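The lines below spell out each chain.
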Amino acid sequence: MTLHIDPQSIGELNPPNRLMLTPGPSSMDPRVYRALATPLVGHLDPWFKGCMDDTQVLLRQIFQTENRLTMPLSASGSGGIEASVVNSLEEGDEAIICVNGVFSERMAVIASHTAAKVTKVEAPYGKPVDAEDVRRAGKGRKIKIVGFAQGETSSGVLTQIEPFRKVADELGALLVVDTVASLAAVPLHVDRERVDICFSGTQKAISAPPGMSPITVSPRAEEAFRNRKTKVQSWYFDLATAMNYWGKERLYHHTPPVSLIYALREAMRIVVEEGLPARWERHRVNQLALIAGIEAMGLELLVKKPADRLPTVTAVMIPGGIDDAKVRNQLLDEFNIEIAGGLGPLKAKIWRVGLMGHCSQKPYVLLFLAALEKTLLDQGLRVPSGAGVGAAVQSYAQARTEAVGVSR
Ligand SMILES: Cc1ncc(COP(=O)(O)O)c(C=O)c1O
């Protein structure tokens, strides 16, 4: 290997401008790009401390919480899982993790790296775990945390919080909820629903760059952290010390990604300007139109029960005889649209279409359905001409009629 390269051989960075209809990252608003390009300051600069205050105010608003311990971790969403379990679990503890996909499985895997005993309560991919199964699994045992993903991105499944809060109360457990794929797109009220530890990712429905994991911790969970007998196994993710920086003291802990925090702040300003209820409704209406279009083209969904469908990720069964990669490659090459394939046991069985944050828009839904029709025809699948777009247009008209009805 030579240690010299011709500097001209590597061109200036010029990524393609994709429409990212993936389960994250989603495309970003131009305002967020502009925030990224603003001047860098030091992480202890007095001006930046004000920027941190704004970030925390906005995060509390989006989580719907007054929790003191609320901050963006300098880590992707997996860091949020890690922080949640390593701060709450130690030797002698027991955890119940609800597993219905790759990301809730990841919570169980990360929890198994602690000294706690971990029990998985499972449901098939495409369905939420039954809270009754958690009740049965925890009966007569002292459980420290019950954890699950509100939005399971690998299968596009939504899990309701309330039944799990009830079971966690009966078991005396803290409730840990992964909202990486759902925050700012699906109704969530951390305080009202008494979620003890809730984390997310910046790259999905918030539509900021990947690389940060917002997290919020209830006073009850903070107290449980203080009562630990042993040190948190991770220095970086020990929330008590990380909060020395994000708390009143603003003491150095590690150098945070300042520019990502700028971008997150701007992306959250956009969320709050739109308003959470309006944003939740936008995600719901756009997914209904997408689903109407998909079904009108004769395709099937993985998640059969409408109430179980996660508004940000729609899992579409790949029709027999159709090549997963060929379809995704054509969408990318011909239309500049990225969608995702399946993960784990769903690899090559489903496509995952993301409508998250900035990407959950009517023009994108209609464009995608038209592009999918053309692509499927080219790949040899007969689909009724114009049926996808037509059904989506009908679905939007229906949503508008309902909205008028509501406001009257
Ligand atoms: C529900 C859920 N949890 C956790 C993660 C992990 O996040 P990251 O890939 O940002 O580490 C993801 C990523 O897609 C996710 O969808």
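Above this note sits the structure.
Scope of this entry: the structure provided in the associated data block. (Residues numbered from 1 in each chain as written. Predicted model: local features only at pLDDT ≥ 70, side-chain atom pairs only at ≥ 80, totals over all residues. Heavy atoms only, no water.)

What follows is about unusual backbone geometry. A cis geometry characterises the amide bond from Gly24 onward to Pro25, with omega recorded as -5 degrees. Locating Pro25 in the fold gives a position in the loop between β1 (19-20) and α1 (30-36). One non-glycine residue, Arg250, adopts positive backbone phi at about 55 degrees. With respect to the helices and strands, the residue Arg250 is situated in the loop between α8 (239-246) and α9 (258-274). One non-glycine residue, Ala348, adopts positive backbone phi at about 65 degrees. Turning to its location among the elements, Ala348 is positioned in the loop between β13 (340-341) and β14 (350-354). (Helix = DSSP H or I, 4+ residues; strand = E, 2+ residues; numbered from the N terminus.)

Once that is clear, we can look at the pattern of salt bridges. Taken as a whole, this structure holds 23 salt bridges when the rule is applied. Here Arg135 and Glu170 are joined by a salt bridge, their closest N and O atoms 2.7 Å apart. Placement of the pair is Arg135 in helix α5 (residues 131-138) and Glu170 in helix α6 (residues 162-171), with a sequence separation of 35 residues. Its relative accessible area of 22% is what places Arg135 among the partly exposed residues. (Salt bridge = Lys/Arg side-chain N within 4 Å of Asp/Glu carboxyl O. Buried < 20%, exposed > 50% of the residue type's maximum accessible area, 1.4 Å probe, protein only.)

Taken as a whole and judged by the stated rule, the model has 6 aromatic pairs. Chaining the aromatic ring pairs together yields one cluster made of Trp47, Phe48 and Tyr262. Taking NZ or CZ as reference, Lys204 lies 5.9 Å from the ring centre of Phe103, over its face. In this structure, Lys362 packs its charged tip against the face of Tyr396, placed 5.2 Å from the ring centre. (Phe/Tyr/Trp six-rings, centres within 6.5 Å; stacked < 30°, edge-to-face > 60°. Lys NZ or Arg CZ within 6 Å of the ring centre and 35° of its normal.)

Another aspect to go through is the site of the ligand. Residues in contact with the ligand, as listed here, are Ser76, Gly77, Ser78, Ile81, Phe103, Arg106, Gly151, Thr153, Asp178, Val180, Gln203 and Lys204. In this structure, an oxygen atom belonging to the ligand sits 2.9 Å away from a side-chain N or O atom of Gln203. For the ligand, the protein covers 88% of the area, taking 390 Å² as the surface of the free molecule. Mapped by element, the contributors of at least two residues to the shell around the ligand are α3 (77-88) and α4 (102-111). Among the residues making up the shell around the ligand, the classes are represented as 3 nonpolar, 6 polar and 3 charged. (Near = heavy atom within 4 Å. Polar contact = N/O pair within 3.5 Å; in protein donor to acceptor, adjacent residues only side chain to side chain. Areas by Shrake-Rupley, 256 points an atom, 1.4 Å probe, with all protein chains shown as cover. Nonpolar A, V, L, I, M, F, W, Y, C, P; charged D, E, K, R; others polar.)

None of this, on its own, says anything about what the molecule does.
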